[in-house]
Amino acid sequence: MQLRINGQSVEVNADPEMPILWMLRDVLNLTGTKFGCGIAACGACTVHLDGQPVRSCSVPVSAAEGKALTTIEALGRKDQPHPLQTAWIAEQVPQCGYCQSGMLMAASALLAANKNPSDADIDAAMTNLCRCGSYQRVRAAIHRAAAAMRAGAA
Amino acid sequence: MKRRTWILSALGATGALVVGWGLMPARSRMGSPATMLPRHGDVALNGWIKIAKDGSVVLAMPRSEMGQGVHTGLAMLVAEELDVPLASVRLEPATHDKIYGNVAMLVASLPFHPLESEGDHKPAKVQIGEWMVGKIARELGINATGGSSSLADAWEPVRLAAAAARASLLGAAAAHWQVPVAQLHMDAGRVHHASGRSAHFGELAADALRSPAPAVPKPRTDWKLIGTPAARSDVPSKVDGSAQFGIDVRLPGMLFATVRMCPMLGGTVAALDDKAARAMPGVRKVVALDAVAGSTAGFAVVAQTHWHARRAAQAVQVQWQQRAGGGLDSARIQQDLLNALQTEKGFTFYEKGDATAAEATAPQVLEATYTAPYLAHATMEPMNCTAQFKDGKLEVWAPTQVPGFARDVAARVAKLDAEQVTVHVTLLGGGFGRRLDVDFVAQAVRVAMACEGLPVQLLWSREEDTTHDFYRPLHVAQLRAVLDAQGQAHSLRIHSAGDAIAPRWTARNLPALSGPIDAPDKTTAEGLFDLPYGFTHQHMAHVATRAEVPVGFWRSVGHSHNAFFSESFVDELAHAAKADPLAYRQALLKDAPRYLAVLNLAAEKAAWGRPLPEGHARGIALHESFGSIVAQVLEVSLQGGRPRVHQVVCAIDCGTVINPALVAQQMESAVVFGLTAALHGRIDIQDGVVQQSNFHNYPLLTLAQTPVVHTWLVPSTHAPSGVGEPGVPPVAPALANALFVLTGKRLRALPLTL
């Protein structure tokens, strides 16, 4: 099966029923996307399909055909991080860090759709779970990144 | 058994262990250069510090990073002593040497009242007890990341080791340049002389090894880094997906496994038909799993991806067998514990005055019964471990809080010597005490031994993780106060019951140290026997039960439920005395100035007493745990009939603050963790089966439900004490106390349900 992953065309030998999560992790060794619950409840496995956030533990590989699949590995580059990654470092968001790939993918989808999210917008979009309780800093970092992106675009 | 008898017998029993050693101060944990892993070009100066060829500093890291920031915190101690930027301290996994054993954690298991064991003027029994247990801990050398003890434990030995490295580097430069040490200074990894000569650490290291010099850590007035909000070293790798957790280990030819364990805790496999499963694509084999290191028996399926293994595991036809003693039932266990309070006296952890006499002449008694359920840890990274047995050697990659136990259990399962086992500790996707157990390591090794030299990554589903935890034990308590005619309490009796954790954990992980009789376990009574309030008469006893549900250490352990019992009841006493809950506590803290300062700071910053919006209410709670005192003022309202917490103001005295940003993170973290438990947390067991299975029925607090958390630190020059756990205990009582103000209902069972 031919897939477009992180901007590259990739030939993937996987069962079309296999959830995208396991294809990424166990077939392609792209381990940045995490397994948390397997029932789309926690968001640790969030990736983008054509820019939309999806919980990859519950979406089959077949659903990625013909779409652009983006993972945390391609959110930014070392020399050009995504403003959210910069904000995440500035606000020192992660603790154990396990949920943060999913948090960042959910947050980047939010900012792509909404350049100036309110607290209520963040509440509604950020339903990912974090057992360490980094939520307060997640919120602050999203506001910080949104401001930086607006300033950058101006 | 009386408390004194127990202490004496414990000291007697341990006497044999300590014969033959002299005094072992922190200096004895310096270790020798050979203690560190050799690597070409590096020069180890002691068991903690190496200097690399390029002059960078390498710290042996025994503690596990699970979000608490310990890798950053310990590195800060070293960077401070050696005057290098924090970023230039590299971490290297520590070996299994006993110098890395956690002494502070074991010393903290002594059931001394904190008002007796803090400060410089400790009674003899405290001094002797701490000395004895310190010796035993030093001899055992258990490397554990737990009990909020990492900084407290590392404080002396790591600073001493870094100071010694500093002194010998300076000594080497002084000898080389024939100048007095007093004319030298260190900066950014170089030694400088006033003449302009300078050399980097790497150029001096070989000579430094030959110039050991006596050293003491810097005085606090010289600190530049300690006390600053330095950035965590692990954050960059946690924002681009490159951080390596246990499940991210990838090895050539690696197979993937998942488990199904008997859904009935402690049950077994009666019959198993894996024919269909083995015929499924990608499946390699099915491996039987016996009950080991506290686990429940079951089987593992090994396949080419985790998904293939998961699918095939569901296709295995299995007949489960209930445990011999019958199915466990949490409702029945709770009733048994309540009954035990009526029939058993338990072990007396604390006695002051004469509560019995006070009760005999009581004009008024206030009595209440409190309960707390079993809880699961729910780390975001489910239990997992990777293992490979090849050429007679076993290699294990594990997100664990106890690498030595992981090695021991791996060796036991594989029937190897511990020396044939290498354990690599990965980052932990949360720990909270769950990873102080190594059942999943034992399972991975069992599977790897059946896989002909190939590496296998064993990963549990969320459902197995939730239903096969070592749960925070269910506890109940009865609290009774005697009130005078004005409603003022002068006598407090607390009688509680529940399973002890430490003896079960010891039996699973240190079988050689486990005896037929359980010693009293401080974790059952912490948060009840150690209150700061000056009631004239106090009595606290605990009935240790054996309900046979697997129990383990859950962030803040006994304090997690006992603070709810004690701080809610103190609030009840305040209302009975028609007193303001803050003023009531203040009046009882005349002999506990540290507690009073923390309480006052939280109250002041939360503007206690200032009117709130209509429909809002405040609650307050104060609690000491792991050597630190935390007060919280919480503001709540009801939305759709359910509690909505708006703000929590935290004040903490955790001794010397290494990194205030890490302390604030842990307070925010603790509030979310504590509210999750207070509002949602319960594990129910019926016929041996845990009823909750995943986040839909064991929910966590979400971002939208998270209050604003403000943290305030009490300045202190005491040695550092715990930070990772102490923020959790006051959350539930602060919320219950606020809900009482709001609704008039006193909630005495967790989770809080209006």
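Residues numbered from 1 in each chain as written. Chains lettered and ligands numbered in written order. Predicted model: local features only at pLDDT ≥ 70, side-chain atom pairs only at ≥ 80, totals over all residues.

Glancing now at the overall build of chain B. Helices and strands together make up the secondary structure of chain B, namely 21 helices and 27 strands. Computed over C-alpha atoms, the radius of gyration of chain B comes to 27 Å, within 12% of the 27 Å expected from 2.2 N^0.38 for 754 residues, which places it in the range of a compact globule. Over its C-alpha atoms, taken along the principal directions, chain B stretches across nearly 80 × 75 × 55 Å. Of the contacts formed within chain B by residues at least 6 apart in sequence, a portion of 78% connects residues at least 24 apart. (Helix = DSSP H or I, 4+ residues; strand = E, 2+ residues; numbered from the N terminus. Rg over C-alpha atoms; globule rule 2.2 N^0.38 Å. Contact = placed C-beta atoms within 7 Å.)

Okay, the confidence of the model for chain B next. Taken residue by residue, chain B gives an average pLDDT of 95. The fraction at 70 or more is 97%. In the predicted structure, residues 1-23 of chain B sits below a pLDDT of 50 and forms 17 contacts with residues beyond four places in sequence or in another chain. (pLDDT = per-residue confidence, 0-100.)

In this section: the domain arrangement of chain B. A common way to state how big an interface is: give the accessible area lost once the parts meet. Residues and elements named next belong to chain B. By domain assignment, chain B separates into domain 1 (31-102 + 141-238), domain 2 (246-324 + 383-459) and domain 3 (330-375 + 471-743). Each of domain 1 and domain 3 was reduced to a C-alpha centroid, and the two centroids are 39 Å apart. If you look at the interface, domain 1 gives 17 residues, while domain 3 gives 20 residues. Mapped onto the side of domain 1 that touches domain 3, the elements with two or more residues apiece are helix H2 (70-82) and helix H6 (150-177). In terms of residue class, the side of domain 1 that touches domain 3 is built from 7 nonpolar, 9 polar and 1 charged. (Domains from an automatic or database assignment. Nonpolar A, V, L, I, M, F, W, Y, C, P; charged D, E, K, R; others polar.)

Grouped together as the largest cluster of nonpolar side chains are 291 residues, with contacts concentrated most on B:Val396, B:Val441 and B:Leu735. Ranked by the residues each element gives to this core, the list is headed by H6(B), at 16 residues. (Core = buried A, V, L, I, M, F, W, Y, C linked by C-beta atoms within 7 Å. Buried ≥ 20, exposed ≤ 12 C-beta atoms within 10 Å, placed from the backbone.)

This brings us to the interface of chain A and chain B. At the interface, 43 residues of chain A touch 47 residues of chain B. Residue assignment for the side of chain A that touches chain B shows that the elements contributing at least two residues are helix H1 (20-27), helix H2 (83-90), helix H3 (100-113) and helix H5 (135-153) of chain A. When residues of the side of chain A that touches chain B are assigned to their parent elements, the largest contribution, 4 residues, is made by H5(A). Tallied by class, residues from the side of chain A that touches chain B come to 23 nonpolar, 15 polar and 5 charged.

Our next topic: the environment of B:His176. Residues and elements named next belong to chain B. Note that histidine 176 resides in helix H6. A count of 16 C-beta atoms within 10 Å places histidine 176 in the partly exposed class. Considered as a pair, histidine 176 and valine 633 are 457 residues apart in the sequence and their alpha carbons are 59 Å apart.

Our next topic: helix H20 (residues 660-679) of chain B. Compared with the 28 Å implied by 1.5 Å per residue over 20 residues, the 28 Å span of H20(B) between its first and last C-alpha is a close match. Counted residue by residue, H20(B) has 18 buried out of 20 residues, so it is predominantly covered. (Expected span 1.5 Å × (residues − 1).)

This paragraph deals with the pairing of strand S10 (residues 283-289) of chain B. All names here are of chain B. A large share of S10 lies buried, amounting to 5 of its 7 residues. Where S10 and strand S11 (residues 298-303) come together, 6 bridges link them in antiparallel fashion. When the bridges of S11 are listed, lysine 285 appears paired with valine 302. (Pairing = 2+ DSSP bridges.)

Counting along an α-helix, one turn takes 3.6 residues, and residues three or four places apart therefore face a common direction. Most of H1(A) sits out of view: 7 of its 8 residues are buried. Looking only at H1(A), the buried set comprises A:Ile20, A:Leu21, A:Trp22, A:Met23, A:Leu24, A:Arg25 and A:Asp26. Close packing links the buried residues of H1(A) with strand S3 (46-49) and strand S5 (68-70) of chain A together with strand S8 (255-261) and helix H9 (306-315) of chain B. In the stretch just after H1(A), A:Asn29 is the one whose phi turns positive, near 60 degrees.

What follows deals with unusual backbone geometry. Residue and element names in this part refer to chain B. Between leucine 750 and proline 751 the backbone carries a cis peptide bond, its omega angle lying at -10 degrees. Looking at where proline 751 falls in the secondary structure, it is placed in the segment after helix H21 (731-743). For serine 556, which is not glycine, the phi torsion reads 85 degrees and is therefore positive. Within the secondary structure, serine 556 is located in the loop between strand S21 (537-545) and helix H17 (557-576). Although it is not a glycine, valine 557 sits at a positive phi angle of roughly 50 degrees.

Residues and elements named next belong to chain A. One open sheet holds the 5 strands; their spatial order is S2-S1-S5-S3-S4, and the pairing between them is mixed. Both edges of this open sheet fall to strand S2 (8-11) and strand S4 (52-55), since each of them pairs with a single strand only. Pairs of neighbouring strands in the sheet enclose a mean axial angle of 40 degrees, with direction left out of account. In the sheet, S3 pairs with S5 via 2 bridges, with the strands oriented antiparallel. When the bridges of S5 are listed, leucine 49 appears paired with leucine 69. Against the sheet, H3 makes contact with S3 and S4, and its axis sits at roughly 35 degrees relative to S3, the strand it touches most. (Axes fitted to C-alpha atoms, helices over the stretch in contact; angles between N-to-C directions.)

All names here are of chain B. Two elements in contact, H6 and helix H7 (residues 201-209), have axes separated by 8 Å at closest approach and are oriented at 90 degrees. Taken together, H6 and H7 sit at an angle that is classed as roughly perpendicular. Mapping the contact onto sequence places Ser168, Leu169, Gly171, Ala172, Ala173, Ala175 and His176 in H6 and Phe201, Leu204, Asp207 and Ala208 in H7. Partitioning the contact of H6 with H7 into residue classes produces 7 nonpolar, 3 polar and 1 charged. (Parallel < 35°, antiparallel > 145°, perpendicular 65-115°, else oblique.)

Let us now look at the domain arrangement of chain A. All names here are of chain A. When cut into domains, chain A gives domain 1 (2-74) and domain 2 (83-153). Taken over C-alpha atoms, the centre of domain 1 sits 21 Å from the centre of domain 2. The interface of domain 1 with domain 2 comprises 15 residues on the first partner and 12 residues on the second. Residue assignment for the side of domain 1 that touches domain 2 shows that the elements contributing at least two residues are S3 and S4. For the side of domain 1 that touches domain 2, the element with the most residues is S3, which contributes 3 residues. Looking at the side of domain 1 that touches domain 2 residue by residue, the class counts come to 6 nonpolar, 8 polar and 1 charged.

Attention now moves to the sheet that holds S21(B). Residue and element names in this part refer to chain B. In spatial order, the strands read S13-S21-S20-S19-S14; together these 5 strands make up an open sheet with mixed pairing. The outermost strands of the open sheet, each flanked by one partner alone, are strand S13 (347-352) and strand S14 (364-372). Taking each pair of neighbouring strands and ignoring which way they run, the sheet shows an average axis angle of 10 degrees. As paired elements, strand S19 (residues 475-483) and strand S20 (residues 489-499) share 9 bridges and run antiparallel to each other. Each residue of the ladder has a partner; that of valine 476, found in S20, is alanine 497. Where H17 meets the sheet, it contacts S14, S19 and S20, and its direction lies at approximately 150 degrees from that of S14.

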